[in-house]
Amino acid sequence: MSESMMNMWISFAGMGLLILAMGLVLLSRYKLKGVLSAIVTILAYLSLIFGAIIILYIVFSGPTA
């Protein structure tokens, strides 16, 4: 697999984590209460941070040819 294809799949994983974070925040705010809401919120923010790090890595790694 080429480096460009590997970066594409890594960026898809980062975007997936960002979408997952969005869904988990909405779930924890509107559907859950108490300790479960706090746990889901922590998971959401961890996936947001990890997804953002992945996207920043892809953006700043530059073009591959």
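For the structure, see preceding data.
Residues numbered from 1 in each chain as written. Predicted model: local features only at pLDDT ≥ 70, side-chain atom pairs only at ≥ 80, totals over all residues. Heavy atoms only, no water.

### Concerning the packing of helix α1 (residues 3-30) against helix α2 (residues 35-60)
Part 1 of the reasoning: Running from N to C, α1 and α2 point in directions that differ by 155°, and their axes come no closer than 8 Å. By the angle class used here, α1 and α2 are roughly antiparallel. Crossing of α1 over α2 shows left-handed handedness.
Part 2 of the reasoning: For the contact of α1 with α2, the per-class residue count stands at 18 nonpolar, eight polar and one charged. (Axes fitted to C-alpha atoms, helices over the stretch in contact; angles between N-to-C directions. Helix = DSSP H or I, 4+ residues; strand = E, 2+ residues; numbered from the N terminus. Parallel < 35°, antiparallel > 145°, perpendicular 65-115°, else oblique. Left-handed = near helix turned anticlockwise from the far one by under 90°. Nonpolar A, V, L, I, M, F, W, Y, C, P; charged D, E, K, R; others polar.)

### A closer look at the packing of aromatic side chains
Part 1 of the reasoning: Under the criterion given, the structure shown has one aromatic pair.
Part 2 of the reasoning: Here the aromatic rings of W9 and F12 are separated by 5.6 Å at their centres, their planes lie at 80°, and the arrangement is edge-to-face. Pair noted here: W9 and F12 are both in helix α1, with a separation of three residues, about one helical turn.
Part 3 of the reasoning: A residue is classified by how much of its surface remains accessible, and W9, at 46% relative accessible area, is partly exposed.
Part 4 of the reasoning: Residue classification places F12 among the partly exposed positions, given a relative accessible area of 43%. (Phe/Tyr/Trp six-rings, centres within 6.5 Å; stacked < 30°, edge-to-face > 60°. Buried < 20%, exposed > 50% of the residue type's maximum accessible area, 1.4 Å probe, protein only.)

### Notes on α2
Part 1 of the reasoning: Taking 1.5 Å per residue as the helical rise, α2 with its 26 residues ought to reach 38 Å, and the 38 Å between its terminal C-alpha atoms agrees with that figure.
Part 2 of the reasoning: Buried within α2 are the following residues: S37, V40, A44, S47, G51, I54 and I58.
Part 3 of the reasoning: The inward-facing, buried residues of α2 abut α1.
Part 4 of the reasoning: One or two steps after α2, the chain reaches G62, where phi turns positive at roughly 85°. (Expected span 1.5 Å × (residues − 1). Contact = heavy atoms within 4.5 Å.)

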